[in-house]
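# Structural overview for review
The chain contents come next:
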Amino acid sequence: MALKCGIVGLPNVGKSTLFNCLSNAKAQAANFPFCTIEPNVGVIVVPDERLNKLAELCKPEKIVPTTVEIVDIAGLVRGASKGEGLGNKFLANIRETDAVIHVLRCFDDDNVVHVDGRIDPVRDKEIIDTELQIKDLETIESRIAKVQKQAQTGGDKQAKQAYEVLARYKAALEQGKNARTVELVNRDEEKIAREMFLLTNKPVLYVCNVDEASAVSGNAYVEKVREAVKSEQAEILLVAAKIEGEIAELETFEEREMFLQEIGLEESGVSRLIKAAYKLLELETFLTAGPDEVRAWTYRRGSKAPQCAGVIHTDFEKGFIRAEVIKYEDYVRYGSEAAVKEAGKMSVEGKDYVVRDGDIMHFRFNV
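These lines cover the structure that appears in this document, whether it is placed above or below.

The rules behind the values
Residues numbered from 1 in each chain as written. Predicted model: local features only at pLDDT ≥ 70, side-chain atom pairs only at ≥ 80, totals over all residues. Heavy atoms only, no water. Helix = DSSP H or I, 4+ residues; strand = E, 2+ residues; numbered from the N terminus. Buried < 20%, exposed > 50% of the residue type's maximum accessible area, 1.4 Å probe, protein only. Areas by Shrake-Rupley, 256 points an atom, 1.4 Å probe, with all protein chains shown as cover. Contact = heavy atoms within 4.5 Å. Core = buried A, V, L, I, M, F, W, Y, C linked by side-chain atoms within 4.5 Å. Phe/Tyr/Trp six-rings, centres within 6.5 Å; stacked < 30°, edge-to-face > 60°. Pairing = 2+ DSSP bridges. Axes fitted to C-alpha atoms, helices over the stretch in contact; angles between N-to-C directions. Patch = residues over 30% accessible without salt bridge, like charges linked within 9 Å, V, L, I, M, F, W, Y side chains within 5 Å. Salt bridge = Lys/Arg side-chain N within 4 Å of Asp/Glu carboxyl O. Lys, Arg positive; Asp, Glu negative; His and termini not counted. Charge placed at Lys NZ, Arg CZ, Asp CG, Glu CD. Parallel < 35°, antiparallel > 145°, perpendicular 65-115°, else oblique. Nonpolar A, V, L, I, M, F, W, Y, C, P; charged D, E, K, R; others polar. Arc of directions from axis to C-beta.

### Overview of the overall build of the protein chain
- What the protein chain contains, in helices and strands, is 14 helices and twelve strands.
- Burial analysis of the protein chain (367 residues in total) assigns 49% to the buried set.
- By element, 48% of the accessible surface of the protein chain is carried by carbon and sulfur atoms, the whole surface being about 18,600 Å².

The following block contains the structure:
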């Protein structure tokens, strides 16, 4: 599944520094706006300790983790919706992503200039929100012009429903609210919303880029951000991007763990961010385990067994017969597939089985 998270924010908030920590790609991190003109794309591994544990038991030839694409999008500025600072190009890059990682500068540093002169993460958030909302409003008004007459005079039920959804979005955007705050009442409305590809309807994760001293408990800037986003039910993550860069350069796992302990962190901000991005996209992981490979497979939360079979190969879904399922905890407890079967802990599931995160799956199919 080629799923993308886009990193957005004003220039010089730490986006490219964070991207460099996340990915093996090296975006230019310079102290001036627009140093990232083309979006940098990095394919990052989603940390999953379960793979290592299964590998200890299965002794496979290879381990294959799951991944997510991260896109470093050049810094937006006030007026981007009207083309300022190459804004139209950057907004198009955001439209192509599945979710947004919004980086907010929550640190003081006289050596790193701010595009607006002073540090204010809430104002920065509002600038980005406004530019995206203006673009979404243009999209909504264009759609309304196409369906309004049909909805009001043509007796077209679908057009009427589309118009009602569009009108609710228009009202929210005109009030300075993001499209994601609009409640949809059924699947038909959700389908209409998806087809609009609204920028502010994408799920968002706010990343507060802090200094080392604030990496664990945050600071006054972070508290202001918490207050500003509490109505959005969005997750906030603290990351000290500069320190994360230093951690990423350490050669061994032991050195990195020691560094984290020294600054009071149990897990790196990068690892937490990748997991949070995966969760933001409503993704989960099922596993396959054997002597050839131990592998993580990505699927949408709520998917049923045939759909997950199709993640491996379309033939698996077409010819699905059943799924043999072992819970990860049972596999670890008993130590092998054979021992799990002997203990009666392997279940056989049909087409209606909803796959759970961490399920170890074996699909039976016939094409």
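### Observations concerning helix α8 (residues 241-249)
- Every buried residue of α8 is accounted for by A241, I243, E244, G245 and I247.
- Turning to α8, the residues buried within the fold contact α1 (15-22), β6 (204-209), β7 (235-239), α9 (253-262) and α10 (269-280).

### Brief notes about the nonpolar core
- Ranked by internal contacts, the top residues of the largest apolar core, which has 61 residues, are L22 and I101.
- The biggest single contributor to this core is α10, with seven residues.
- Ignoring anything within four residues of it in the chain, the contact list for L22 reads I7, I44, I70, V270, L273 and I274.
- If you look at the next biggest cluster of nonpolar residues, it comprises 16 residues, including L137, V147, Y169 and A179.

### Here's the deal with the packing of aromatic side chains
- Summed over the entire model, instances satisfying the criterion amount to five aromatic pairs.
- Consider the rings of F286 and W297, whose centres lie 6.3 Å apart with planes at 10°: the pair is stacked. Residue F286 is found in strand β8 (residues 283-289), and its partner W297 is found in strand β9 (residues 293-300); the two are separated by eleven residues along the sequence.
- Given a relative accessible area of 0%, F286 falls into the buried group.

### Thoughts on the environment of P47
- Looking at the element boundaries, P47 is found in the loop between β2 (40-45) and α2 (49-58).
- Accessibility expressed as a relative area gives 25% for P47, which makes it partly exposed.
- For the pair P47 and T66, spaced 19 residues apart in the sequence, the C-alpha separation amounts to 8.3 Å.
- Sequence-distant contacts of P47, that is, excluding residues within four places in its chain, are made with S271, I274 and K275.

### A short note on the sheet that holds strand β5 (residues 99-105)
- Spatially, β2-β4-β1-β5-β6-β7 is the arrangement adopted by the six strands of the open sheet, whose pairing is mixed. Every other strand in the sheet has two partners, leaving β2 and β7 as the edge strands with one partner each. Ignoring which end each strand starts from, the neighbouring axes of this sheet average 25° apart.

### Some words on a negative patch on the surface
- On the surface, a cluster of negative charge is made up of D108, D110, D211, E212, E246 and E249.
- E249 sits in the exposed class, given a relative accessible area of 67%.

### A word on the packing of α8 against α9
- Where α8 meets α9, the closest approach of the two axes is 8 Å, and the angle between their N-to-C directions is 150°. One finds that α8 runs roughly antiparallel with respect to α9. Note on element contacts: α9 touches α8 through R256, F259 and L260, opposite I243, E246 and I247.
- Classifying every residue of the contact of α8 with α9 gives four nonpolar, no polar and two charged.

### Some remarks on the pairing of strand β10 (residues 320-326)
- The buried fraction of β10 is high, at five of seven residues.
- As defined by bridge partners, β10 adjoins strand β12 (residues 360-365) across six bridges and the pair is classed as antiparallel. Looking across to β12, one finds that V325 is bridged to M361.
- Of the pairings in the sheet, the one linking β10 to strand β11 (residues 347-349) comprises three bridges and is antiparallel in character. Across the sheet, E324 pairs through a bridge with V348, a residue of β11.

### Topic: the environment of P60
- The topology assignment puts P60 in the loop between α2 and β3 (62-64).
- Put simply, P60 and R295 are 235 residues apart on the chain and 9.8 Å apart in space, counted from C-alpha to C-alpha.
- When neighbours within four sequence positions are excluded, P60 is seen to be in contact with A55, G290, P291, D292, E293 and V294.

### What about the pattern of salt bridges?
- In this structure the tally under the stated criterion is 23 salt bridges.
- Residue E227 is joined to K230 by a salt bridge in which the shortest nitrogen-to-oxygen separation is 2.8 Å.
- What makes K230 exposed here is its relative accessible area of 58%.
- R301 is paired through a salt bridge with E284; the nearest N and O atoms lie 3.4 Å apart. Remark: E284 occurs in strand β8 and R301 occurs in the loop between β9 and α11 (305-312); sequence separation between them is 17 residues.
- Look at E284 and you get buried, because its relative accessible area is 17%.
- Residues joined by salt bridges that share partners form a network here, namely D48, R50 and D357.

### Observations regarding α2
- Those residues of α2 lying buried are R50, L51, L54, A55 and C58. Seen from one end, α2 has its buried residues packed into an arc of 135°, which puts them on one side.
- Considering only its buried residues, α2 is in contact with β3, β8, β9, α13 (328-334) and β12.
- Among the residues trailing α2, K59 stands out with phi positive, at a value near 50°.

Just distances and angles here, no functional claims.
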